[in-house]
Every structure is written in C-alpha cells, then in structure tokens.
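Observations on the three-dimensional arrangement
The lines below spell out each chain.
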Amino acid sequence: MRNVFSFAKGSLVLVGKGSKAYYIWVFSLLALISMGVLAYLYQMRNGLIVTAMRDQVSWGFYISNFTFLVGVAAAAVLLVIPAYVYHWKPIKEIAILGELLAVSAILMCLLFVTADLGRPDRFWHLIPVIGLLNFPQSLLAWDVFVLNLYLTLNLVIASYMLYSLYHKREPKKSFITPLLLFSIPAAISIHTVTAFLYSGMGARIFWNASILAPRFLASAFCSGPAFMILVFLLVRRYTKFQIKDAAIHKIAELIAYAMFINLFLLGAEVFKEFYTASAHLVPMKYLFFGIDGHTALVPWIWTAMLFNLTAFFIFLAPSVRKNHFMLVVGCVLIFIGVYIEKGMGLVIPGFVPDVLHEIYEYKPTGIEVMVSLGIWAAGLFIFTLLLRIAIPILNGDFHIAADGRGSHIGDHLFLVQARAADPEEDAGHGPEASARSDP
Amino acid sequence: MNDGKKRDKKVFQLTRRKALKSLAAGAAVLALPSRDAAASVWDAFFQKHFRRMTRSDLEKVLARLEREYSQEYAQEVKVGVTPPIEGVKYGYGLDLSRCIGCRRCVYGCVEENNQSRDPQIHWIRVVRLKKEKGTDLHYAEHYYNPSQVPEPGHFYMPIQCQQCEKPPCTKVCPVQATWTEKDGIVVVDYNWCIGCRYCMAACPYGARHFNWAKPRIPNDSLNPQTHYLGNRPRPVGVVEKCTYCIQRTRQQPGRYPACLEACPVGARKFGNLLDPESEIRKLIENKRVYILKEELNTQPKFFYFF
Ligand code: SF4
Ligand code: SF4
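Fair warning: this is a prediction, and the values are worked out from it, not measured in the lab.

When you go through chain A residue by residue, the secondary structure sums to 18 helices and 2 strands. Rg of the C-alpha trace for chain A: 22 Å, near the compact-globule value of 22 Å for 439 residues, within the 12% margin. Considered along the principal axes of its C-alpha atoms, chain A spans approximately 70 × 55 × 40 Å. Taken over 439 residues, chain A has a buried fraction of 56%.

Below, the structure written as structure tokens:
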C-alpha cells in the first residue's frame, strides 16, 4: 500500500516537472480548456439553441467528433495484436502508449457526449440500478456499457504494466494476458456498437446499411494508428524514449491494408447507391454533389476523398512510407481525411434531407467549435500527463528507490531539445533526418 | 427603476446578506433564494422515473410541479395523471381529400398543449404536395403561403406523431424516458429525459421536438389544465411530442383532441380502435387507407383516408 502511495506521489511530482517547452505546451492546453469551459457554461445557461442544431439536424459537431474518436480509441488493438498475440518485440515496447491514447480518446468521447446532452444534470439516469438504463434494447445503452468497459480495461492494463515496470518486475502473465486478449474484442465492439447505433435506424436511409460497421472499423484502423505514428515520431524526437523504426514501419504497413479496405468498402457503397439511383441516393448525393443548390458538405467530402486517396498511395509503396517526411504527410492526410469522412461526412447526411425531406443546412456555431476545441485540448492534456508518467518509467528514469520505499526520479525535463540524430538509426531518411541534426 | 427591477435588487441584496452571514459562520453556501426553492431543486434532481414512483412519491411531485407552475405562470395550474381507460386504444384518421391545408390544427395544438411560442415548436406539420407527384415526400413543400387555400393542383398532408404500434423512438431511448401507454399513446417523462435526442434520429415522421431553449409561453396563453405526460409546461433540454391530447381524451366522457376540434372542414377523425362500432373503425373498413412509410413496419395508429 505504501508503495502505491509513493508511486502516486512520484507521478504527481513528475507531472508538475518539466522543461520550458513542456510548461508552454501544458499551459496552452489549459488555456484552451478554460475557453471550452466558458463556452460550455454559456451553452448550459442558454440551452442548446446556441448550437446550430435544430429539430431537422438533431445531432451535429459534437456527435461527429464523438464518432471519430471512438475510432481512434479502438485503434489501440492494432498495436496489441502484433505485440501480444504475435509477441513482436519492437511493438511490445510501445503498445502501452497505444493504450494510454485509448484512455484519453474514450474520455474525450464521454466529454463530447456530455456536451451534447440537453440535460447533463440527469446523467445519473444512465447509471444502472440507481438510474434506468434501457438495456439491452437501446444501442446507446450498449455504447455506454462498452465504452466504459473498454476505458476500464485500458486503464487497468496500462496502470498495472506501468506499476510493475516501476517496481522493475515482470507483469504477472496470468493476470495481464487475459485482459489484453479481452481488450481486442472490446476494442472492436466499441466501434461496432457505435456503427450499429446509426445503422439500426430504418428512418435514416444514409445510415441504414449493413456495410456501416465494417466501414467504421476499416477507417478506425487508419486514423488511430496514423495519430499514433505522429505521436511516436514526436516522442522519440523530443523525449529520451527510443522507438524503433521497425515498429513504426510495421504500423504504417497495417495502415496501408486498412486504407485499402476502407476505400474498397466506400466504393462498394457508392456504387450501389449511384447505380441503383433510387430515392435512397438523396443523402449521398447531398454529400458528394449537393442537392438543389445546397452544397455545404461538398468541398469537405472531396477534400477528405483527396486526402485519403493520396495517403493511400503514400502508404502503398514501402519505399515511400519509409521516408519519414512522406510518412508524416501521409499520417496527417489520413487523420484529417478520416476526421471529415467519419465525422460531419457521416453524421450530417443522415439528417439532410430530414425524414420529411426538408433541407436544413448545418454548420457548427462558434460555441460548438470552442467547446469542441476545449474537449480536444482536454484529451491532449490527459494524454500528455499520462505520457509524462509513462515515458520516464519506460525509460528507466522513474522507478522505485533503492530503499524500496520512496521513488527515484531521474527525469526532470521530459520534453527536451530535438535529440541529436543517431547516425545508425536515421541513416537515409531524407529531409527529416537532416532537419533533425540541426542545432 | 420599475417594480420588477426593484424586486430583483431586493432579492439579490437579501441573498447576499444571507450568504455573507453563512460565510461568516463558516458554512459552505449555495446562494439560492430560499430554503424552499433549494429543497425543490433537490427534489427535482432526485425525482424518480414516472413508472417507478409510488402513489405518495407521485403526489409529492405533482404538488411541487403545480406549485412551481402556478408561481411561474401567475395562475392556478393543475397537473393530472389520469391513467389509460381499460379497453381503449386510440386511433386517428385524416381525410386527405378534405384537408385544405389551412393549418388551424397546428395552432389549435400549440394552444392546447402549451408548446413554446418562442422559439416556436409545432407538433403538427402540414406539407403541401403536388397532385401528380402523389405522396412522395421528396416533393413536399414545408413553407407555403398562399392567399387562399386550397390551391389548384395541390393537396395537403398533416403529419404528426403516428403513435406507432412498433415505435422506433421508444426502442432507442437509453433511459426509458419514453414509452407506450396501455391506450397506445407514446409519451415522454419530461423529468426523466436526458436530452440525447436519439429518439429524434429514430422517428421516421419528424414527430419529436426538442426544447433547444427554455420554452416561452405568455402567462395568459397558458392552458392550465394539464397532464403530467402531456401538455404540462416543459423544461429546457428535453424532447416532447403529440400525445393525442392525453389530458382531453382520457377524460370520461372523453373529449376530442384539440386539432380535431380546430379543423374547419372535418378532415380529422378520432376514436377507439378496439370498439367495432366506433367511427374510426367504420372509416378504416369503408374507406381507402394510406399508411405513411408503411415499408418501415412502424405500424402507425394514424390512418390517412383518400
Ligand atoms: S411517429 Fe415517431 S414519435 Fe410517434 S410513435 Fe412513431 S416513431 Fe415515435
Ligand atoms: S432525448 Fe430523451 S426521450 Fe429521446 S432518447 Fe434521449 S432520453 Fe430518451
């Protein structure tokens, strides 16, 4: 027990310590969070009328972000599978960062759902027994259930592993392996359930497609890992933590497969709708071409298409995706591309035209954007703090002290100047490598 | 300074004095106007689901609501909970060949059911359709403003909650805040709804409406005869919908829904589907029936005749 206490204390100390860059980063996030909180308070006071949502389009930007982030969270499995099912060492070393990302992403999901509620004060109605969860009928009840399950799983796994490493002992296999294996179907389930939440409604023809869940999964396995690669590149550049090229390249390869499946499934759906050209086509037509002069989503979806296709070609050729500059470009393109496609590009056409075929064009208001920015900042803030604790542990800079009581903290900076290039590892990585050796 | 402002200022000073006093006493302070109000905020927060309340729970809740509404709207407001009548299942009929698209039903409904006037909420939507396009809603016009109705070449279709036998809206609600009553009416507990709006996404008829802002009803336009599951004033942030005027139709002897009474051409019919002698049954048997979006298998209890 005393050990848990000193671990917690050590972690708190770590979180408060860092280089100037770390403080600047953390405080900018805090500033954004405060702005989000203020915007949210304004929304609480005036009601959701301050958003652009109306009866015709009853879900908007918040639920779009939620949908996208569920995918990001689910993507941790893409690390867990090679690491723990195939025992591939280079990824095993970093899988924990994926789990921490999952934790942060789920917390953001929960925040986005809360921001969308008309009566956040009644959230307790969702808690089983004291509230009244409509289980198993409502898919939203399922979603609440699986999201919390997945959050708990990842929290337990990550903190147990880190705690063991902190004590410099091997995590107990009999405890951790079943949890890890269980986290794979759990990750798939969060995204499947979120897809079912949409596809289960006969009233909304745009969502009412059996292909929706596989499409969700495919795009999730692009966006989440793309974000992870970006984080890994930053982490190994600005902290003392080493991440092997091999691991990053393996993830890039997996993204290439996922992107292929994603584009293929999208193509299948687009073909069916446009070739049949029945009344079902209208929402998709709205999305890609606009109807009757209403074209709010058109530029967005084509941007997304362009980004996803470009990224796909970047990731397709091993020689290109191994160039770290191209890799960064590809990851950014995928992240934005999927963000648009799985966010606004999925949620809004479900409502436009509405069930009585009225067209109301939705565009988020400033308040919605500010609240959302605040939630993103909160997610990044949580992720940063988690990394702040995890990375020194993985580095060996934070562990139990020799006396077995207090903790040893070797790392006082966290974010450091870009590391001098390790000539062996970085050989031949184009502009990235040379940029890195700049003073 | 007018009286209202003076009063506000006084209340503010009073609460401030009180707050300072309690602060001095070292207690944590909620600057709520009075102990009563604080208690009622608390009671409202912990209020149970309508169907889980005991008789005495319910009585307390009704008393509190009546007190709050009466205060807010400066008149005596009654909140009833008349239960469904045994052996009754309500059905609605609408004669498309008679409807002239005047939308008096819309406003009759607003007045009877205390819908917000600002922002406006309408439980009934009347669309204008072209005769040659039939009932294809793709060609529906939602906003039309002729000097005279009916207009040649057009017909009109009022759409409101269809009180589906298999309602997708209640299925999806994560907290069971909405359900079907024994008489077939789909209701919402406005004190249990969390405002997730999943039901709005699921309803194929656009029949559910959300209180995006605090509903505003002028004191003198409030209908004070209300039902807990029907037309009582709604809070902000919850969903509401047509209940076939539960506060009227459940009375014995029952009254017709307000929209039916408002219709100048008698296009609207209402009655008990379980009674073979009722007008609605005769109409279903003898007229041609059209069901809106029948392919979705929601099985409406709202029948269009033509
Ligand atoms: S019309 Fe809509 S709100 Fe009414 S019962 Fe059917 S699904 Fe529910
Ligand atoms: S908005 Fe209210 S009634 Fe509708 S699904 Fe959500 S909680 Fe249920």
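To continue, consider the pattern of salt bridges. Residues and elements named next belong to chain B. Using the criterion set out here, one finds 35 salt bridges over all chains in the structure. Of the charged contacts in the structure, one is a salt bridge between Asp95 and Arg98, with a shortest N-O distance of 3.8 Å. For Asp95, a relative accessible area of 4% translates into the label buried. Since its relative accessible area comes to 40%, Arg98 is described here as partly exposed. Linking Arg232 and Asp189 is a salt bridge whose minimum nitrogen-to-oxygen distance equals 3.9 Å. Taken together, the positions of Arg232 in the loop between β8 (225–227) and β9 (239–241) and Asp189 in the loop between β6 (186–188) and α6 (198–202) put the pair 43 residues apart, joining distant regions of the chain.

Right, let's talk about the packing of aromatic side chains for a bit. The description of two aromatic rings rests on the distance between their centres and on the angle between their planes. Tallied over the full model, the rule gives 47 aromatic pairs over all chains. Centre to centre, the rings of Phe260(A) and Phe264(A) are 6.3 Å apart; their planes meet at 20 degrees, and the pair counts as stacked. Here the residue Phe260(A) and the residue Phe264(A) both occupy positions in helix α10 (residues 245–276), the gap between them amounting to 4 residues, near one helical turn. Accessibility expressed as a relative area gives 48% for Phe260(A), which makes it partly exposed. Look at Phe264(A) and you get exposed, because its relative accessible area is 53%. Among the aromatic residues, those joined into a ring-pair cluster are Tyr90(B), Tyr92(B), Tyr244(B), Phe270(B), Tyr290(B), Phe302(B) and Tyr304(B). For Lys133(B), the ring lying beneath its charged end belongs to Tyr139(B), and the centroid distance is 4.6 Å. Over the aromatic face of Phe210(B) sits the side chain of Arg197(B), whose NZ or CZ is 5.0 Å from the ring centroid.

As a further point, take the site of ligand 2. All residues adjacent to ligand 2 are Cys173(B), Pro174(B), Val175(B), Thr178(B), Cys193(B), Ile194(B), Gly195(B), Cys196(B), Arg197(B), Cys199(B) and Val239(B). Its residues placed into classes, the shell around ligand 2 shows 8 nonpolar, 2 polar and 1 charged.

A common measure of how large an interface is: the accessible area buried when the components associate. With 43 residues of chain A at the contact, the number on the chain B side is 46 residues. Overall, the association of chain A and chain B removes approximately 3800 Å² of surface from exposure, summing both partners, and the carbon and sulfur fraction of that is 58%. Taken together, the links from chain A to chain B amount to 2 salt bridges. Across the salt bridge formed by Glu358(A) and Arg125(B), the nearest N and O atoms sit 2.9 Å from each other. There are 27 residue pairs in polar contact (both at pLDDT 80 or more) connecting chain A and chain B. In terms of residue count, helix α7 (residues 139–166) of chain A provides more of the side of chain A that touches chain B than any other element does, 3 residues in total. Taken together, the residues that form the side of chain A that touches chain B break down as 22 nonpolar, 13 polar and 8 charged.

The grouping of Val37(A), Leu38(A), Leu41(A) and Met44(A) at the surface amounts to a nonpolar patch, some 400 Å² of accessible area in total. Taking relative accessible area as the criterion, Leu41(A) reaches 46% and is therefore assigned partly exposed.

Turning our attention to the nonpolar core. In this structure, Trp59(A), Trp207(A) and Phe315(A) are the most contacted members of the largest nonpolar core, which totals 171 residues. Ranked by residues supplied to this core, first place goes to helix α9 (residues 212–238) of chain A with 15 residues. Once residues within four sequence positions are removed from consideration, Trp59(A) is found in contact with Met53(A), Asp116(A), Leu197(A), Tyr198(A), Trp207(A), Val347(A), Ile348(A), Phe351(A), Cys196(B), Arg197(B), Tyr198(B) and Ala201(B). Ala203(A), Val79(B), Ile124(B) and Cys242(B) belong to the second largest nonpolar core, which has 60 residues in total.

Definitions and limits used
- Residues numbered from 1 in each chain as written.
- Chains lettered and ligands numbered in written order.
- Predicted model: local features only at pLDDT ≥ 70, side-chain atom pairs only at ≥ 80, totals over all residues.
- Heavy atoms only, no water.
- Helix = DSSP H or I, 4+ residues; strand = E, 2+ residues; numbered from the N terminus.
- Rg over C-alpha atoms; globule rule 2.2 N^0.38 Å.
- Buried < 20%, exposed > 50% of the residue type's maximum accessible area, 1.4 Å probe, protein only.
- Salt bridge = Lys/Arg side-chain N within 4 Å of Asp/Glu carboxyl O.
- Phe/Tyr/Trp six-rings, centres within 6.5 Å; stacked < 30°, edge-to-face > 60°.
- Lys NZ or Arg CZ within 6 Å of the ring centre and 35° of its normal.
- Near = heavy atom within 4 Å.
- Nonpolar A, V, L, I, M, F, W, Y, C, P; charged D, E, K, R; others polar.
- Contact = heavy atoms within 4.5 Å.
- Buried area = accessible area lost by both parts, 1.4 Å probe.
- Polar contact = N/O pair within 3.5 Å; in protein donor to acceptor, adjacent residues only side chain to side chain.
- Patch = residues over 30% accessible without salt bridge, like charges linked within 9 Å, V, L, I, M, F, W, Y side chains within 5 Å.
- Areas by Shrake-Rupley, 256 points an atom, 1.4 Å probe, with all protein chains shown as cover.
- Core = buried A, V, L, I, M, F, W, Y, C linked by side-chain atoms within 4.5 Å.

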